[in-house]
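Structure at a glance
What follows is the residue order along each chain.
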Amino acid sequence: MLQGIVLRVACCVLLSAGLVVFYVKAAEEKGKPPKDAVILFDGKSTEAWVHRGSKKPCEWVVKDGYMEVRGGDIHTKQEFTDFQLHLEFWLPALPDKQGQGRANSGVYLQGRYEIQILDSYMNNTYKAGGCGAIYGIKDPDNFDKAVRPPGQWNTYDITFRAPRFDRAGKRLEWARVTVFWNGVKIHDNVEIPTDNTTAGMGGDPKTPGPIMLQDHGSPVRYRNIWIVPMKS
Ligand code: MG
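Conventions we followed
Residues numbered from 1 in each chain as written. Predicted model: local features only at pLDDT ≥ 70, side-chain atom pairs only at ≥ 80, totals over all residues. Heavy atoms only, no water. Phe/Tyr/Trp six-rings, centres within 6.5 Å; stacked < 30°, edge-to-face > 60°. Helix = DSSP H or I, 4+ residues; strand = E, 2+ residues; numbered from the N terminus. Buried < 20%, exposed > 50% of the residue type's maximum accessible area, 1.4 Å probe, protein only. Lys NZ or Arg CZ within 6 Å of the ring centre and 35° of its normal. Core = buried A, V, L, I, M, F, W, Y, C linked by side-chain atoms within 4.5 Å. Contact = heavy atoms within 4.5 Å. Pairing = 2+ DSSP bridges. Salt bridge = Lys/Arg side-chain N within 4 Å of Asp/Glu carboxyl O.

Details of the packing of aromatic side chains
This structure, assessed with the given rule, holds 8 aromatic pairs. Between F83 and F160, the ring centres sit 5.1 Å apart and the planes meet at 25°, which makes this aromatic pair stacked. With a gap of 77 residues between them, F83 in strand β6 (residues 82-90) and F160 in strand β9 (residues 153-161) connect regions that are remote in the sequence. F160 carries the same exposure label as F83, and that label is buried. Connected via pairs of aromatic rings, a cluster forms that spans F80, F83, Y113 and F160. The ring of W174 is capped by R171, whose NZ or CZ atom sits 3.6 Å from the centre of that ring. Stacked on the ring of W153, the Lys or Arg R223 has its end atom at 4.1 Å from the ring centre.

Following this line, the structure appears as structure tokens:
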């Protein structure tokens, strides 16, 4: 009788330990770049990035596996058409700032279409201007499930489909985007009916473009950035 109980307890402990190991392992795997990914920031080197305009080497501060916004927008040297992008961002607590002034940055797809980065936790701003918004176009779905207070790391997993044109240059489709914020789907194959959101790099929407990270005057941090280009 006693032996049976001891055996059952031991089994439960072993099973629990196994589940914990499995859970920790699964959490570690999350955000890990697949084999065909292009690593854009590995926590050490900013080699993949240059400053907007001057194209000088990236001068953002690199420390403890992250890079911090400093001295202007940066974009990748490499340009992309359709892709899957993973990035992680950390928002400083700036309680004396409000609205768009509170930990503002942003990731611009093809340098043209901004997915907003902002401390939107208990910080209201205008329509399609908060964290997770396709800037000026659409607010995120499921905002309350995705948002975190400042001082924590967040993830964006973005699938981007570039606009399509026929041979004569006539538009067939606008760009489309699906975004997961902290694992929560906030945009599901949403059309972006513009060729450039505010402060984007613009250019010919028929051509590839870089990934741009915005300096909006806040010390936002980034880490673990990778991209998988997809066949068009
Ligand atoms: Mg922004």
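Once you've had a look at it, read on.
Details of the nonpolar core
Ranked by size, the top nonpolar core spans 44 residues in total, and within it L85, V107, Y156 and Y222 carry the most contacts. In this structure, L85 is in contact with L40, V107, L109, Y156, D157, I158, I211, I225, W226 and I227, ignoring residues within four places of it in sequence.

Some words on the pairing of strand β7 (residues 105-109)
When you tally the buried positions in β7, you get 5 out of 5 residues, the bulk of the element. The side-chain alternation of β7 yields two buried faces, one formed by S105, V107 and L109 and the other by G106 and Y108. As judged from the 5 bridges shared by β7 and strand β8 (residues 113-117), these two strands associate in the antiparallel manner. Opposite L109, over in β8, you have Y113 as the bridge partner. Between the end of β7 and the start of β8, which pair antiparallel, lie 3 residues, with Q110 showing a positive phi angle near 55°. Pairing of β7 with strand β14 (residues 212-213), which is carried by 2 bridges, proceeds in the antiparallel orientation.

Details of the pattern of salt bridges
What the rule picks out here adds up to 13 salt bridges. Across the pair K56 and E59 runs a salt bridge whose closest N-O atoms are separated by 3.7 Å. Judged by its relative accessible area of 35%, K56 is partly exposed. A salt bridge links E191 to R176; its shortest N-O distance comes to 3.8 Å. In this pair, E191 sits in strand β13 (residues 184-192) while R176 sits in strand β12 (residues 175-181), placing the two residues 15 residues apart along the sequence. By relative accessible area, R176 is classed as partly exposed at 25%. Within this structure, E68, R70 and R221 form a network of salt bridges that share partners.

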